[in-house]
Amino acid sequence: MAHIIVVGNEKGGAGKSTVSMHVATALARLDKKVSVLDLDLRQRTLGRYVENRDEFLQKSGLDLPTFRLHALPEIDPAKLTPGENVYDHRLSAAISGLEGDADFILIDCPGSHTRLSQVAHSLADTLITPLNDSFIDFDLLARTDESGEKILGPSVYSEMVWNARQLRAQAGLKPIDWVVIRNRIGTQRMVNKEKMERAVKMLSNRIGFRVAPGFSERVIFRELFPRGLTLLDLKDIGVRQLNISNIAARQELRDMMKALKLPGVEIKF
């Protein structure tokens, strides 16, 4: 059975597709069979990322470790019984068709609440939620008082994850390993950064997720997208000496992959 990784966050701009691309590529470089689904059927940021990679590799003649991007199969609505949702069937058909030939299935969700995203969360063995280091983004997980020190209650996204956990428990499946990744953390010591750290830690104990380090804000990610490349590909395309920022970003990826604790994965890069 393939291990299903869902990258989800109902707020745009949190770095979901960047995290998805790097996790999938890291697993491919560790000789894992990885299949990927992009559930953002409109923007398709991850899909475009992968297409850029395929085009670059074809033009350059390079053979880099990669993975397979799959489209959701079409389902004839006429074959559904009353009350059945076509998106439920499209996603379940995709998963059943992939899990026999993959070690990992990675699902990148849109930055909004959709039926597909809701169903995907209930399928997650590992749920990765990238979160910008800001109380604006923290509001995705929980409501706080004006000081940012007291948790007033969970957000609708946290409640959706809780419902997904309940569905898995009812089906006799193992619990979701929920990992919140703090992205774009500033390097300087700031009051907001310290408040965020305390708030995330407090909430993790309250609603049950693990906290992992993510990526700092770096120009390199925007530069890599048009070619579909990741930090792990730089040396293979002829970059002989990485600059300090690239080395730091690569270490951030290594720390993130180790923190995810994916089954059967030993970090070797």
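The structure presented is a predicted model; accordingly, all values stated were derived computationally and were not measured.

**Describing the environment of A199**
Thought 1: In this fold, A199 is placed in helix α7 (residues 191–207).
Thought 2: Measuring from C-alpha to C-alpha, the distance between A199 and A142 comes to 9.5 Å, with 57 residues separating the pair along the chain.
Thought 3: For A199, the residues in contact, after removing those within four places along its chain, are F135, F138, G148 and I151.

**Some points on the layout of surface pockets**
Thought 1: Quantified by volume, the largest pocket comes out at close to 510 Å³.
Thought 2: In this structure, the largest pocket is lined by 25 residues; those nearest its centre are G15, K16, S17, T18 and R184.
Thought 3: Counting only elements with at least two residues in the lining of the largest pocket, the list comes to α1 (16–29), α2 (45–60) and α8 (219–224).
Thought 4: Per-element tally for the lining of the largest pocket: the top contributor is α1, with three residues.
Thought 5: Tallied by class, the residues present in the lining of the largest pocket amount to seven nonpolar, 10 polar and eight charged.
Thought 6: If you add up the space inside the second largest pocket, you get close to 190 Å³.
Thought 7: Taken together, M1, A2, H3, I4, I95, E99, L123, D125, R168, L173 and K174 make up the lining of the second largest pocket.
Thought 8: Grouping the constituent residues of the lining of the second largest pocket by class yields six nonpolar, one polar and four charged.

**Notes on the packing of aromatic side chains**
Each aromatic ring pair is summarised here by two numbers: the centre-to-centre distance and the angle between the ring planes.
Thought 1: One pass over the full model with this rule turns up five aromatic pairs.
Thought 2: With centroids separated by 5.1 Å and ring planes inclined at 75°, the aromatic side chains of Y49 and F225 adopt a geometry described as edge-to-face. Highlighted residues: Y49 in helix α2 and F225 in the loop between α8 and α9 (244–260), separated in sequence by 176 residues.
Thought 3: Measuring from ring centre to ring centre gives 5.8 Å for F135 and F138, while their planes differ by 70°; the resulting arrangement is edge-to-face. On the criterion of helical spacing, the pair formed by F135 and F138 is a turn pair, its members being three residues apart in helix α5 (residues 135–138).

**Some details on α1**
Thought 1: Its 14 residues place the ends of α1 20 Å apart at the C-alpha level, agreeing with the 20 Å of an ideal helix rising 1.5 Å per residue.
Thought 2: With respect to burial, α1 is a largely interior element, 12 of its 14 residues being buried.
Thought 3: Along α1, the residues that are buried comprise K16, S17, V19, S20, M21, H22, V23, A24, T25, A26, L27 and A28.
Thought 4: Looking one or two residues past α1, D31 carries a phi angle of roughly 65°, positive in sign.

**Here's the deal with α2**
Thought 1: Compared with the 22 Å implied by 1.5 Å per residue over 16 residues, the 22 Å span of α2 between its first and last C-alpha is a close match.
Thought 2: Considered for burial, the residues of α2 that qualify are L46, G47, Y49, V50, N52, R53, F56 and L57.
Thought 3: Buried residues along α2 sit against α1, β2 (34–38), β3 (68–70), β4 (104–108) and α8.
Thought 4: A positive backbone phi angle near 75° is found at G61, which sits one or two residues after α2.

Cut-offs and rules
- Residues numbered from 1 in each chain as written.
- Predicted model: local features only at pLDDT ≥ 70, side-chain atom pairs only at ≥ 80, totals over all residues.
- Heavy atoms only, no water.
- Helix = DSSP H or I, 4+ residues; strand = E, 2+ residues; numbered from the N terminus.
- Contact = heavy atoms within 4.5 Å.
- 1 Å grid on protein atoms, 1.4 Å probe; cavity = no way out; pocket = protein on both sides within 12 Å on 5 of 7 lines; lining within 4 Å.
- Points joined across faces, edges and corners; volume = space filled by probe spheres on them.
- Nonpolar A, V, L, I, M, F, W, Y, C, P; charged D, E, K, R; others polar.
- Phe/Tyr/Trp six-rings, centres within 6.5 Å; stacked < 30°, edge-to-face > 60°.
- Expected span 1.5 Å × (residues − 1).
- Buried < 20%, exposed > 50% of the residue type's maximum accessible area, 1.4 Å probe, protein only.

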